[in-house]
Amino acid sequence: GRLSGTELRTTILLSGYHSESKAKEYKHVCKRACQRAVDRLKAGALAVEAVTAALVELEDSPFTNAGMGSNLNLSGGIECDASIMDGKSLHYGAVGAISGIKNPVLVANRLLSEAQRGKLSAGRIPPCFLVGRGAHDWAVSHGIPPCPSEKMATKFSLSAYKRNKRKMELAEKLDTGHNQTKKRRQSCENENGSGCLDTVGAVVVDLEGNVAAAVSSGGLAMKHPGRVGQAAHYGCGCWAENTCNMNPYSTAVSTSGCGEHLIRTMLARECSTAMQSEDAHQALLEAMQNKFISSPFLASEDRVLGGVIVLRCCRCVEAPPSQNIQGILVEFLWSHTTESMCVGYMSAQDSKAKTHISRLPPGTVPGQCLAIEGGVCRLSVVE
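Residues numbered from 1 in each chain as written. Predicted model: local features only at pLDDT ≥ 70, side-chain atom pairs only at ≥ 80, totals over all residues. Heavy atoms only, no water.

By the naming in an unreviewed UniProt entry, the protein goes by Threonine aspartase 1 and is assigned to Sparus aurata. Of the comments in the UniProt record for the protein, the one headed Sequence similarities (unreviewed entry) reads "Belongs to the Ntn-hydrolase family." Under the UniProt heading Subunit (unreviewed entry), the entry covering the protein gives this text: "Intramolecular proteolysis generates 2 subunits, alpha and beta, which reassemble through a non-covalent association to form the fully active enzyme." (UniProt positions renumbered as here; feature names shortened; annotations may be inferred.)

As structure tokens, then:
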């Protein structure tokens with residue numbers, strides 16, 4: 001439909017497995033994150049600020065595997081990954097395996113903004129990606145308050161850790177050789193029910209047509225300490241790129257799913273590149289099928305698990321033409337091979353966000369089939 005006024009759009013992602021019993025909580029957090037981003041956009045913030053605000057809301061929810069309530073690793077600790085990309089400057093900031101920080105996306109965003117200020121003393125290049133203790137210390141030195149890891153754990157994440165630990169101990173007693181290898185291969189799929197794949201992300205376009213994307217995750221349940229998933233990796237967790245001479249469309253992408261699968265396919269950047277084709281729906285379908293499910297880089301995998309939200313936009317001519325009205329055609333799509341994906345979306349004109357839990361068709365196998373949906377809207381900015 002045609003929207004008028006200063007219109008801006010944000011789309012939120014929660015991918016993985018979403019039980020019917022928790023559907024209401026997932027939808028609520030998506031709505032709050034959309035509202036938080038739109039509030040910032042209405043106040044004049046650029047896309048990168050709005051996408052950060054959405055991610056903070058998602059990280060603060062105890063129901064998501066990001067920030068508060070993140071999965072516990074093999075040692076019972078919490079290590080988070082996050083990244084953000086600004087389509088205007090093309091700068092990126094990320095943290096990996098960071099502990100003791102409640103909102104990892106704030107550190108990623110600060111790395112991005114500090115990098116935009118230019119070189120450090122003695123001509124040193126500022127970092128864009130920090131990990132572990134170094135990331136924590138850098139965050140604290142830049143005014144981001146620490147938070148003890150034990151305060152970031154929830155009753156749900158602690159009980160899931162105890163349950164998973166018992167399962168692992170039992171499996172290690174029973175399994176040897178071939179069986180153990182087989183179990184390890186299946187582990188990413190079987191952890192779905194305990195929040196294995198529910199990375200959070202968002203994509204935003206502001207009234208100037210700038211795009212931004214961000215993603216945050218606590219990582220796989222029972223992961224090895226120090227493991228860094230796609231949420232921190234360049235081109236894997238998120239991607240944002242404003243239109244330029246080479247690209248007719250601005251694109252923003254955020255991914256979720258099994259980090260190792262997303263890293264080895266660089267899915268965020270692949271989807272962004274695909275979105276330069278005229279037919280967005282067909283382009284995303286082909287990218288998910290050819291660059292992900294059937295990717296030669298994942299030929300040894302039985303099931304390839306992931307999901308994406310994609311936003312693309314371009315300036316368009318209003319009819320009738322007017323000197324003071326600038327149109328932006330926005331297409332937003334989502335696709336996933338995971339069992340389900342919760343999506344929220346909202347423009348500045350909407351009184352509240354719309355949410356939807358997308359599920360694979362009945363009888364299909366997660367990791368081998370995909371779902372794809374989306375919509376189009378025309379945003380009119382009165383200048």
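**Topic: the packing of helix H9 (residues 267–274) against helix H10 (residues 280–293)**
At a minimum axis separation of 9 Å, H9 and H10 run at an interaxial angle of 145 degrees. In the packing of H9 onto H10, the handedness of the crossing is right-handed. The residues of H10 that touch H9, namely those facing Leu267, Glu270, Cys271 and Ala274, are Ala283, Leu284, Ala287, Met288, Lys291 and Phe292. Here the contact of H9 with H10 is built from residues that sort into 8 nonpolar, no polar and 2 charged. (Axes fitted to C-alpha atoms, helices over the stretch in contact; angles between N-to-C directions. Helix = DSSP H or I, 4+ residues; strand = E, 2+ residues; numbered from the N terminus. Left-handed = near helix turned anticlockwise from the far one by under 90°. Contact = heavy atoms within 4.5 Å. Nonpolar A, V, L, I, M, F, W, Y, C, P; charged D, E, K, R; others polar.)

**Some thoughts on H10**
Taking 1.5 Å per residue as the helical rise, H10 with its 14 residues ought to reach 20 Å, and the 18 Å between its terminal C-alpha atoms agrees with that figure. A distance of 3.2 Å separates the backbone nitrogen of His281 from a side-chain oxygen at the start of H10, and that oxygen is part of Asp279. (Expected span 1.5 Å × (residues − 1). Polar contact = N/O pair within 3.5 Å; in protein donor to acceptor, adjacent residues only side chain to side chain.)

**Description of the pattern of salt bridges**
This model, assessed by the stated rule, comprises 10 salt bridges. Residue Glu57 is joined to Arg36 by a salt bridge in which the shortest nitrogen-to-oxygen separation is 2.5 Å. Here the residue Glu57 occupies a position in helix H2 (residues 47–60), and Arg36 occupies one in helix H1 (residues 23–42), the gap between them amounting to 21 residues. With a closest N to O distance of 3.4 Å, Arg264 and Glu301 form a salt bridge. Of this pair, Arg264 sits in helix H8 (residues 259–265) while Glu301 sits in the loop between H10 and strand S10 (306–316), and the two are 37 residues apart along the sequence. For Arg264, a relative accessible area of 37% translates into the label partly exposed. Overall, Glu301 belongs to the partly exposed group, its relative accessible area being 24%. (Salt bridge = Lys/Arg side-chain N within 4 Å of Asp/Glu carboxyl O. Buried < 20%, exposed > 50% of the residue type's maximum accessible area, 1.4 Å probe, protein only.)

**With respect to helix H6 (residues 155–174)**
Across its 20 residues, H6 extends 29 Å between first and last C-alpha, which sits within 8% of the 28 Å expected from 1.5 Å per residue. Of the residues making up H6, those classed as buried are Ser157, Ala160, Tyr161 and Asn164. Buried residues of H6 fall within an arc of 105 degrees about the axis and therefore sit on the same side. Opposite the packed face of H6, turned more than 90 degrees from it, sit the exposed residues Lys155, Lys162, Arg166, Leu170, Lys173 and Leu174. (Arc of directions from axis to C-beta.)

**What to know about the environment of Ile125**
Position of Ile125 relative to the elements: it lies in the loop between helix H3 (104–116) and strand S5 (129–131). Note: C-alpha distance between Ile125 and Ala115 (10 residues apart in sequence) is 8.1 Å. Those residues in contact with Ile125 that sit more than four places away from it in its chain are Lys119 and Leu120.

**What to know about the UniProt feature "active site" (unreviewed entry) in the protein**
Here, UniProt's "active site" (unreviewed entry) annotation points to Thr199. Position of Thr199 relative to the elements: it lies in the loop between helix H7 (177–190) and strand S6 (200–205). Owing to a relative accessible area of 1%, Thr199 belongs among the buried residues under this scheme. Of note is the side chain of Thr199, whose polar atom sits 3.3 Å from the side chain of Ser217.

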